[in-house]
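The primary structure of each chain is shown beneath.
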Amino acid sequence: MGIKTALPAAELGLYSLVLSGALAYAGRGLLEASQGGAHRRAFRESVRPGWEYIGRKMDVADFEWVMWFTSFRNAIIFALSGHVLFAKLCTMVAPQLRSWMYAAYGALAVVGTMGPWYLLLLLGHCVGLYVVSLLRQPWLCLGLGLASLASFKLDPLISWQSGFVTGTSDLQEVLFHGGSGFTVLRCTSFALESCAHPDRRYSLADLLKYNFYLPFFFFGPIMTFDRFHAQVSQVEPVRREGELWRIRAQAGLSVVAIVAVDIFFHFFYILTIPSDLKFASRLPDSALGGCAPGPGQGRGRGRHFRRTDLCAPMAAESHWGSWRPGGQHLLQGGGAGIPLKRVGLGAGLAYSNLVYDWVKAAVLFGVVNTVARLDHLDPPRPPKCITALYVFAETHFDRGINDWLCRYVYDHVGGEHSAVIPELGATVATFAITTLWLGPCDTVYLWSCLNCFGLNFELWVQKLAEWGPLARIEASLSEQMSRRVRAIFGAMNFWAIIMYNLVSLNSFEFTELVAQRLLLTGFPQTTLAVLFVTYCGVQLVKERERTLTLEEQKQDKEKPE
């Protein structure tokens, strides 16, 4: 039924109370579990001394977060600060040359961190795709782009090309994969846009200025070439009213989020616990699950792909531990036992991982986008809050990658996404490219198949709901009851999203543990309790969507004609 359908205020208040209580209870349970496991032998590698004035150990299991904000923080700040300084000077002195300055500074930064041979390697890929773009054949451009991408993902070519990097630090390994992969995507975007607009004569210099823009070079987000070229080519860019204030607010919010996450990791070891399955298997059923809507982005070295986004799964190397049935479990840590009730914690370990992954994506993109906005660019917005996501078709964490895949693959093959067969072809093609991007392996194959099925299954259910008898049944319901029924399906769909993505968030073994505990050993009490709390969250999200829609409609009516 329509988005304008409202529920009674008392009912929404009950949903808020249930959700808040469940999250608070789960938080207390995870805090106790973290305290109990702090001195376990399996935690020593990833739980290390943190801030002295907090006096607690800190979870450092996420390599990407530690790299950005601890290990290589000063180098990253130095590089981005230098870019901002030179960009400001060039904009003041010769604004017509600012795009050249961006490319020159980016190229120098690449040479300084990766060596001149790596720069020449990337220039070779750029020139190859530029030459193919002159033929104005989209299929050839996309084919060469995928071949270039495969050369950075499959042996023996990846081993040969990694030899072009000067140095052997951990940072260079990450920068090699990020810079190479995003270079191929950007060059492919350039080639396809050249084919789509044969009347516009783009030069090799335009491609190099696009590719070597430093804030986007190694980690994204990616802007399609047409958008970047149009914005960076403005001779005298003008800021909108209040834009500087918004840039400062975004920078301040990013700093606050970084500090908050670091403090959080001193008390909740949500990234380390899943890697110790012997310890995790003793947690209560609901401590392993989540209860509010929203999938998360992968932990580790990359981003997750939901519908049209990319991920880089990292499987935790761990073994099965023992699980003892009964009314209570005992978490052993450092010789101390912590009794925990088996059911009722609500929002738990899986949801915490998903929330963290979204926060990490928002912070990383927030930092980079702040620099891009200072350069008078309009980069892709940060990812949508995961608590507002409960369907596959709306789930993505990198709007830039989402736009890239939709523009060149998903929408091109699937059309309006209303027919079953074209949609199946579109999703298979999109996830096939995603599998190549991530690097083919068993975990990626499984993850891609599950998410591809989930996206298609949503369309099948939608078609089934439009079938005559079912459509008449829904039409006989009140709008409020129809919204409640749809929220039930949304809650179940949310859990499908979680289970499909836990495979890459942690490991197949941990996913199997969560599924077994929620669907088998915890059935029906834990299953129904978690679904009910999830249902409450979905209803609150729907209410938020309804409010925003009404506000937008009101603003549209107030606009002068």
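What you see as residue numbers is a count from 1 along each chain, following the sequence as written. Per-residue local features are limited, in this predicted model, to residues with pLDDT of at least 70; the limit for side-chain atom pairs, both in listing and counting, is 80 or more; totals at the level of whole chains, interfaces and linings are taken over all residues. Each side-chain value is worked out from all heavy atoms of the structure, with water and hydrogens disregarded.

Trainee: Pulling in residues and values, what's your account of the overall build of the protein?
Mentor: In DSSP terms, a helix is any run of H or I states spanning at least four residues, a strand is any run of E spanning at least two, and both are numbered starting from the N terminus. From N to C terminus, the protein includes 21 helices and four strands. Each of the 561 residues in the protein was classed as buried or not, and the buried ones make up 52%. Pairs at least 24 residues apart make up 78% of the contacts formed inside the protein by residues separated by at least 6 positions. Partly exposed describes any residue whose relative accessible area lies between the buried limit of under 20% and the exposed limit of over 50%, with all areas from a 1.4 Å probe on protein chains only and scaled to the type maximum. Any two residues having at least one pair of non-hydrogen atoms within 4.5 Å are treated as being in contact.

Trainee: Before we move on, can you summarise the side chain of H376 with the specific residues and values?
Mentor: Assignment of secondary structure puts H376 in the loop between α14 (349-374) and α15 (399-414). Excluding its chain neighbours within four sequence positions, the residues that come into contact with H376 are T91, R98, P237 and R239.

Trainee: Can you lay out unusual backbone geometry for me, pointing to particular residues and giving the numbers?
Mentor: Cis peptide bonds are those with omega within 30 degrees of zero, and the linkage from D155 to P156 qualifies with 5 degrees. Mapping P156 onto the fold places it in the loop between α6 (138-151) and α7 (157-162). Cis geometry marks the peptide bond from G220 to P221; its omega dihedral reads 0 degrees. With respect to the element layout, P221 can be found in the loop between α10 (214-217) and α11 (225-232). A positive phi is found at R136, a non-glycine position, where the angle reads about 60 degrees. Its location among the elements puts R136 in the loop between α5 (116-133) and α6.

Trainee: Tell me about the confidence of the model for the protein, and please be specific about residues and values.
Mentor: Averaged over all residues, the pLDDT of the protein is 81; the fraction at 70 or higher stands at 86%. Confidence scores here are pLDDT values: one per residue, from the predictor, ranging 0 to 100. Confidence, expressed as mean pLDDT per element, reaches its minimum in the protein at strand β3 (residues 328-333) with 31 and its maximum at α5 with 95. Taken as a whole, residues 290-347 scores under 50 in pLDDT and shows 248 contacts with residues more than four places along the chain or in a different chain.

Trainee: So what about the side chain of E11? Which residues, and what values?
Mentor: Looking at the secondary structure, you find E11 in helix α1 (residues 9-37). Any pair of nitrogen or oxygen atoms within 3.5 Å is treated as a polar contact; in protein, a donor-acceptor pairing is required on top of that, and neighbouring residues in sequence qualify only through side-chain atoms on both sides. At 2.8 Å, the side chain of E11 and the side chain of R484 are in polar contact. Among all residues touching E11, those that are not within four sequence positions of it are R484 and Y535.

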